[in-house]
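Observations on the three-dimensional arrangement
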Amino acid sequence: MVVAAEWVHAKGVMIAPRRLASLALVALTAACGRSDSSTTAALGVATIGPAGGILVVDRGQQQGLVLEVPAGAVARPTEFRVAAEGGGGSPSAPTGAGIPAVAAPLRIEPTDLVSPVSMRLRIPYEPANVSGTGAGNIDVRQKNAALSRDYDPEDIDAVAGWVEISVKTLGRFEVVVAPTPADLLSYLPPVGEVASLEDGFAFTVEPEPVLSPLSGLDVLAWSVVGPSFFEQIVVGGASILGRRSGALWAEEWSIPYDPFGDPGEALANMITQTAAVTDFTVFSIVSAAVTPLGYFQYALPIRYDEQLYTDIGQLVVNVAYDRPDLGVGERQVTMWLSPEVGLLRLAVDGVSYDRVP
């Protein structure tokens, strides 16, 4: 703008050139949408119009944050702004515990925006700071003047450390630890569970047959069936009582084994015990030696039937045996379990089979 005269008339009012320039700047700013006024230094700023655009934080705190604003989200050029937010902490930590936050909270403006279409938001977080559950078992908590809610992740990388959700409003966001069962038995599949797996394998949970030497009240068989494979892990409550192979043989352990310790504890307490092996084909019973090693640990998220499951427990059951009928050998069965839908993946001797819908 060029102002030739020292004073300019505007609707009969005399306005100084400097004052006129200021008004012009205000008018231009008002014509473009602005974020909320804030004294917090911005971590990232982008002006995005009706055609859509992307806001990226490429340095400092929240590095790796990406907000994808699609066409039609805003009706005019609008300033989107990312800033640090106070009041963060680890929701997984007991009160007063010195556990680092999963991610520093942040604010994305404009907080009064209501988009008619979903915006994609990727937020970085620290997987190593997730405690008491799997590194990918997290939610994203949003708060603004209109709502407060937790989002389940739509996509996640618990190694690289980012989570993605879709939002139509902005405001305060924080990555938090998602709820997880306190009782590890909640991860076990229910009676009647039938899971079809890749390569013709299947997993079922059924009562142990009455004629089995391992049978008893509430005794269950975790059955793994596949091409040229048919074995059961027989459990009572949280303890493994032994193994069975259909109507061929049953291996009854002298000491019930709890597989729900952590790996270090399981290795430290590993012992060899005797087992009675019943051969159903000739109705004989012989003595054998078994060395069970079982442990529970949390695992990375698994996508099944177009749904992402983030709370995954991994149960490993390894049995080294010395039997007169089978000789010396080892069997390992690993189960990836969700408290929501049961078994999602199974491995036999290191070969994995994903559940299929």
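Look above for the structure.
This write-up is about the structure you can find in this document. (Residues numbered from 1 in each chain as written. Predicted model: local features only at pLDDT ≥ 70, side-chain atom pairs only at ≥ 80, totals over all residues. Heavy atoms only, no water.)

**Some words on the layout of surface pockets**
Formally: For cavity detection a 1 Å grid was placed over the protein atoms alone, and a set of points counts as a cavity when a 1.4 Å probe fits there but cannot get out; an open set counts as a pocket when protein lies on both sides within 12 Å along at least five of seven lines, with lining residues being those that have an atom within 4 Å of a point. Grid points are joined across faces, edges and corners, and a volume is the space filled by probe spheres set on the points. Only DSSP runs of H or I reaching four residues or more are called helices, and only runs of E reaching two or more are called strands; each is numbered from the N terminus. Side-chain classes follow a simple rule in which Ala, Val, Leu, Ile, Met, Phe, Trp, Tyr, Cys and Pro form the nonpolar group, Asp, Glu, Lys and Arg form the charged group, and the remainder, Gly included, forms the polar group.
Approximately 190 Å³ is the volume attributed to the largest pocket. As for the largest pocket, its lining consists of N137, D139, D152, P153, A178, P179, Q307, L308, Y309, T310, D311 and E340. A total of three residues in the lining of the largest pocket trace back to one element, the largest contributor, which is strand β23 (residues 307–309). Of the residues assigned to the lining of the largest pocket, the class counts are five nonpolar, three polar and four charged.

**A closer look at the sheet that holds strand β10 (residues 148–151)**
To keep things clear, this is the line we draw: For two strands to pair, DSSP has to find at least two bridges joining them. Here, axes are lines fitted to C-alpha atoms. For helices the fit covers the stretch in contact, and angles between N-to-C directions go from 0 to 180 degrees.
The antiparallel open sheet is built from six strands, whose spatial order is β3-β6-β7-β13-β9-β10. If you trace the sheet from one side to the other, it starts and ends with β3 (42–48) and β10, each paired once. Strand after strand, the sheet turns through a mean of 20 degrees between neighbouring axes, direction not considered. Where β3 lies against strand β6 (residues 78–84), six bridges are found, and the strand directions are antiparallel. Within β6, the residue paired with G44 across the bridge is V82.

**A closer look at the nonpolar core**
One recurring pattern in soluble globular proteins: nonpolar side chains tend to sit buried together. In plain terms, the rule: Nonpolar cores were defined as sets of buried Ala, Val, Leu, Ile, Met, Phe, Trp, Tyr and Cys residues, with membership established by side-chain atoms within 4.5 Å. For every residue, the accessible area obtained with a 1.4 Å probe (protein chains only) is divided by the maximum for its type, and the residue is called buried under 20%, exposed over 50%, and partly exposed between those limits.
Counting 35 residues, the largest nonpolar core has F203, W222, L315, M335, L343 and L346 as its most contacted members. For this core, the secondary-structure elements that each account for two or more residues are β15 (202–207), β16 (219–226), β17 (229–236), β19 (249–257), β21 (284–299), β24 (312–323), β25 (327–338) and β26 (342–348). By residue number, the principal contributor to this core is β24, which donates five residues. Core analysis: the second largest hydrophobic core is formed by 34 residues, A46, L67, M119 and I138 among them.

**Some thoughts on empty space enclosed by the protein**
On inspection of all chains with the given rule, the structure shows one cavity of 30 Å³ or more. By volume, the largest cavity is sized at about 80 Å³. In terms of lining, the largest cavity is formed by W222, V224, F229, E231, Q232, I233, R243, V317, V319, R331 and V333. Of all the elements in the fold, those that place two or more residues in the lining of the largest cavity are β16, β17, β24 and β25. Per-element tally for the lining of the largest cavity: the top contributor is β17, with four residues. Per-class residue counts for the lining of the largest cavity are seven nonpolar, one polar and three charged.

**Examining the sheet that holds strand β12 (residues 162–169)**
Spatially, the five strands line up as an open sheet ordered β4-β5-β8-β12-β11, and their pairing is antiparallel. Of all strands in the sheet, those with a lone pairing partner are β4 (53–56) and β11 (155–157), marking the two edges. Each strand of the sheet is rotated relative to its neighbour by a mean of 20 degrees, with strand direction disregarded. Sheet topology places strand β5 (residues 66–69) next to strand β8 (residues 114–124); three bridges connect them, and they run antiparallel.

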